[in-house]
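# Descriptive analysis of the structure
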Amino acid sequence: MIHREIRSYEDFLETLLEAGFSMGGGNSEGIYSIIDWGWNQSPPYETPITWHTGSWETDPWEWRIRVLDERNDIAYSKLFFKKSGFITKDWAPLFLAVRRNGRTLEEEYRDGLISSPAKRIYETIVEHISLPLHSIKELAGFGKEDKSLFDRSLVELQMKLYVTMCGRKQKRSLKGEEYGWSSTVFCSTESFWGAEVFEEAAKIKKEDAIKQITEQVLLLNPKADSKKIMKFIKG
C-alpha cells in the first residue's frame, strides 16, 4: 500500500509517481486520493498542507497547475467519475488502451459514441494545438446560453482521453494587457503525451490494461469495490 503523510509538494509528487494515478481533490471516491481531506476538513495528521491558500508549496489546489507547468510526465484533468484526477506517463498507455482502444474521435463519432458538440470542441482545439477555455467557447461557436452543453461536452472529451488540461493563461485586452482570472488551457492528448505513449498503448490489450489497473487500485485501496473500480477505469 502506498500511504504516506504529505507535508510538501515533493512528498505529493513522490507518492503520485509511485502510485501512478490519484483522484485530484480531497475525496478518494472509494478508490484513492493522495490528499484525502477536503478544503473544509482537518488533516488526519499534522501537516502544513492547506487548501486554497495560493501557496505553491503547500496548497494542493495549486499543485494541479504546478505539475503541468514544471513536468511533462503527469496529466491532470477531469479523468475519473467526471471529476479531476492525475495520471502519470507510465500509466497513461494503460488508460488509453481501455478508453480509446486504438480508435479515433472520428470513428467514435460515426458510431454515435461522441456527441456533435464534443466533436466541434475537439476540432477547434486540434486546429489551434492548444487554447484557453474562453477562446475555445468563442471559436467553437458556443454562447452564454450554451454553458451547460459546453461544460458537459468538454468533460466528455476529457473522460474519453481526447483532450487534457495543459496549463493556464490570462485573458488579454485589446492593448495586450493581461486581466481577470486565469483560464485553463486545453490541448489534445496526442499533443500532450506525444507519439511514444500512443505507440505503447497500441501494444496493450484492453483486457490486460483493465487487469493491471485493477491490481494497482487494490494495492492502493484493498477495500475498493469491484464495480466502482470498473467505473474508475472505463470512465
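Here, every reference points to the structure presented above.
Description of the structure in this document. (Residues numbered from 1 in each chain as written. Predicted model: local features only at pLDDT ≥ 70, side-chain atom pairs only at ≥ 80, totals over all residues. Heavy atoms only, no water.)

## Things to note about the nonpolar core
Condition: Here, the term nonpolar core denotes a set of buried Ala, Val, Leu, Ile, Met, Phe, Trp, Tyr and Cys residues that are joined through side-chain atoms within 4.5 Å. Exposure categories follow from relative accessible area, calculated using a 1.4 Å probe and restricted to protein chains: below 20% of the type maximum is buried, above 50% is exposed, and the middle band is partly exposed. Helical segments are the DSSP runs of H or I of at least four residues, strand segments are the runs of E of at least two, and each set is numbered from the N terminus. Contacts were defined at the residue level, with two residues in contact if any of their heavy atoms lie within 4.5 Å.
By size, the foremost hydrophobic cluster in this structure holds 67 residues, and its most contacted members are Phe 12, Phe 21, Phe 80, Phe 95, Ile 213 and Phe 232. In terms of residues, this core owes the most to one element, helix α3 (residues 92–99), which gives six residues. Not counting the four nearest positions on each side in its chain, Phe 95 is found in contact with Phe 21, Phe 80, Ile 87, Arg 100, Leu 161, Ile 213, Phe 232 and Ile 233.

## Quick word on the layout of surface pockets
What counts here: Definitions used throughout: a 1 Å grid over protein atoms alone; a cavity as a set of points that fits a 1.4 Å probe which cannot get out; a pocket as an open set with protein on both sides within 12 Å along at least five of seven lines; a lining residue as one with an atom within 4 Å of a point. Grid points are joined across faces, edges and corners, and a volume is the space filled by probe spheres set on the points. Each residue receives one of three labels: charged for Asp, Glu, Lys and Arg, nonpolar for Ala, Val, Leu, Ile, Met, Phe, Trp, Tyr, Cys and Pro, and polar for the others, Gly being one of them.
Estimated volume of the largest pocket: approximately 510 Å³. If you go around the largest pocket, you meet 31 residues; those closest to its centre are Trp 61, Tyr 76, Lys 78, Ser 84 and Met 165. Looking at the lining of the largest pocket, the elements with two or more residues in it are β1 (21–23), α2 (60–70), β2 (74–80), β3 (83–88), α7 (147–159) and β6 (178–188). For the lining of the largest pocket, the leading source of residues is α2, giving five residues. Counted by class, the lining of the largest pocket contains 17 nonpolar, eleven polar and three charged residues.

## Let's talk about empty space enclosed by the protein
All chains considered together, the criterion is met by one cavity of 30 Å³ or more. Approximately 80 Å³ is the volume attributed to the largest cavity. Around the largest cavity, the lining residues are Ala 75, Ser 77, Leu 79, Ile 87, Ala 92, Leu 96, Gln 158, Leu 161, Val 163, Thr 164, Thr 189 and Trp 193. Counting residues per element, the ones that place at least two in the lining of the largest cavity are β2, α3, β5 (163–172) and α8 (189–193). Here the lining of the largest cavity gets three residues from one element, more than from any other, and that element is β2.

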